[in-house]
Each structure stands twice: as C-alpha cells, then as structure tokens.
Amino acid sequence: MGSLIFVCEGVLRLIKQSSISLVYLQGIYEKDILPYSFCYELEDGTMLSLFFEEAQFSHLLGIQKVDFKRKDLYGQKCYDEIKNGRLTYQKLKSINKTALKTQCKDKMRYFDELPILLRNPECIEYDESSTGRKTNIKISFALHKTYGNLGKKLIIGIDSSSDRFDYYPRTWLIENITKSSSLLMGQNVRKIISVQINRR
C-alpha cells in the first residue's frame, strides 16, 4: 500500500503544523481509505463492515467547526472545494485561526495514521451510560490504537447505517493517554479476530 510499508507498527508519525496540506490529506483519503471496505469479525461472530465516502472527509477533520455558518465547509461541497484548490489550510486559518488550532489541528496532524489504524485496530463497544456523563458522541463502536512514543490514543468512532451490518465513520479523535475522561474508559472491550480489506 505505497508508503504504508515504511511505517513501524506502534510508532506514531506526526505531520508538522507548518506542513499541513488539505490536498495531501485528501490524497491519503483517496488512496488508502476510500477505495476499500474494512470488515472486522469480532470474537462472538459479529461482523462490522466499515465504508468511507467523500462527503465524510470534512467532518472527520472537523473543518465545519472553523465556521459553522459556511456551507462550503460541509460534506461534498467541502470535498470538492479542496479538490479544485479553492479551499486550503491557509484559507481556513484566515477564517478562524483559533478554531482551526483547537478543533482541527490534531485531527489533521495525525490523519496519515488512520489507514494504518484501520488495518490493525483494537475495538470497544460504546455505551454512553457507562461514561457516567452526557456526551455529544453518538457511536456504536470505537476502533482505536495507542501510541506510547507520543502519549496518544487515536480513535475512529463508527455507527451503523440502515443496514445494521454496515458502518460509517462518525468521529475521529486524538486523545492523550493520560486523559482521565477518555472515551474508552469503562467500555466493553470487543476482540477482533480477523480483518478483511477489500476493494469496493
């Protein structure tokens, strides 16, 4: 899978903030994620089939949080704006530098690890009531990986579509390992026994 063969498992790479490029991130999405379905078999026989679409890209990066009122920062419109060069990281910075830094920066800096996580994740079944608090996270499962070298947990939260066997990505989170209110705390660990990656 191209550059993936040069990655050491469990050692987290980091894109420098000054090097963030939406076109580069979109290229990762198009090359290593969009063309595939990711199918996970759990120990009890449950199958999770995960698919990604172009319109989900901006939400995973949190781009809409830079300015909730701008329609060009949502869904397919945002994806197309990046594709044709009209929306760049520098433009987002000029719209709302603070929101970009607090809401999007880490999601973008670690995004090239997402294809690697998808190929060998750990899994929890998410139940909001187990957190003991109200959250805005509405997911069924979380696929995750811990990287000790930078003290980070990378988490892709997924939810089911109308077909309960098909799942879509709902959130992409970067957490500090030491965070006391982690999304993963108190959740039901589900062992993945096999991963199948197929071209769509």
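Residues numbered from 1 in each chain as written. Predicted model: local features only at pLDDT ≥ 70, side-chain atom pairs only at ≥ 80, totals over all residues. Heavy atoms only, no water.

Asks: Sorry, what's going on with the overall build of the chain here?
Replies: On a plain count of helices and strands, the chain comes out with 6 helices and 8 strands. Ordered by position in the sequence, the α and β elements of the chain form the string α-β-β-α-α-α-α-α-β-β-β-β-β-β. Burial analysis of the chain (200 residues in total) assigns 48% to the buried set. Looking at the chain as shown, the accessible area adds up to about 10,200 Å², and 50% of this sits on carbon and sulfur atoms. (Helix = DSSP H or I, 4+ residues; strand = E, 2+ residues; numbered from the N terminus. Buried < 20%, exposed > 50% of the residue type's maximum accessible area, 1.4 Å probe, protein only. Areas by Shrake-Rupley, 256 points an atom, 1.4 Å probe, with all protein chains shown as cover.)

Asks: It is not clear to me how the nonpolar core should be interpreted in this structure. Could you clarify?
Replies: In globular proteins that are soluble, nonpolar side chains generally tend to be buried together. The biggest cluster of nonpolar side chains holds 46 residues, and the ones touching the most others in it are Met-108, Phe-111, Leu-118 and Trp-172. Of the residues forming this core, the biggest block, 5 residues, is contributed by helix H1 (residues 22–33). Excluding residues within four positions of it along the chain, Phe-111 makes contact with Leu-25, Ile-28, Tyr-29, Ile-33, Phe-57, Leu-61 and Trp-172. (Core = buried A, V, L, I, M, F, W, Y, C linked by side-chain atoms within 4.5 Å. Contact = heavy atoms within 4.5 Å.)

Asks: For this particular structure, what's the right way to read the environment of Asp-44?
Replies: In this structure, Asp-44 sits in the loop between strand S1 (36–42) and strand S2 (47–51). Considering only alpha carbons, one finds Asp-44 and Ile-193, 149 residues apart in sequence, at a separation of 9.3 Å. A polar atom in the side chain of Asp-44 sits 2.9 Å from the side chain of Thr-46. (Polar contact = N/O pair within 3.5 Å; in protein donor to acceptor, adjacent residues only side chain to side chain.)

Asks: Mind showing me how you'd approach the sheet that holds strand S5 (residues 152–160) here?
Replies: In a beta sheet, neighbouring strands are held together by backbone hydrogen bonds and run either parallel or antiparallel to one another. Ordered by their spatial adjacency, 8 strands build an open sheet running S7-S3-S4-S5-S6-S2-S1-S8, and the pairing between neighbours is mixed. If you trace the sheet from one side to the other, it starts and ends with strand S7 (188–189) and strand S8 (192–199), each paired once. Sheet topology places S5 next to strand S6 (residues 166–176); 9 bridges connect them, and they run antiparallel. Across the sheet, the residue bridging to Asp-159 is Tyr-168, located in S6. (Pairing = 2+ DSSP bridges.)

Asks: Even after reading the chapter, I still don't get the packing of aromatic side chains, so can you show me in this structure?
Replies: Here a ring pair, both rings aromatic, is described through the centre-centre distance and the interplanar angle of the planes. For the structure shown, the criterion picks out 10 aromatic pairs. Ring centres 6.3 Å apart and planes at 90° place the aromatic pair Phe-111 and Trp-172 in the edge-to-face group. Pair noted here: Phe-111 is in the loop between helix H5 (97–109) and helix H6 (114–119) and Trp-172 is in strand S6, with a separation of 61 residues, a long-range link. The pair Phe-111 / Trp-172 is uniform in exposure class, with both members buried. (Phe/Tyr/Trp six-rings, centres within 6.5 Å; stacked < 30°, edge-to-face > 60°.)

Asks: It is not clear to me how the side chain of Gln-26 should be interpreted in this structure. Could you clarify?
Replies: Note on placement: Gln-26 falls in helix H1. A polar side-chain atom of Gln-26 sits 3.0 Å from the main-chain carbonyl oxygen of Tyr-79. Sequence-distant contacts of Gln-26, defined by excluding residues within four places in its chain, comprise Phe-57, Tyr-79, Ile-82 and Lys-83.

Asks: What exactly am I supposed to notice about the packing of H1 against helix H3 (residues 75–83) here?
Replies: A pair of packed helices is characterised by two quantities: the angle between their axes and the separation of those axes. Their axes nearest at 9 Å, the elements H1 and H3 cross at an angle of 115°. Considering their axes alone, H1 and H3 lie roughly perpendicular with respect to each other. Like other packed secondary-structure pairs, H1 and H3 cross with a definite hand, here left-handed. In this structure, H1 contributes Leu-22, Val-23, Gln-26, Tyr-29 and Glu-30 to the contact, and H3 contributes Tyr-79, Ile-82 and Lys-83. (Axes fitted to C-alpha atoms, helices over the stretch in contact; angles between N-to-C directions. Parallel < 35°, antiparallel > 145°, perpendicular 65-115°, else oblique. Left-handed = near helix turned anticlockwise from the far one by under 90°.)

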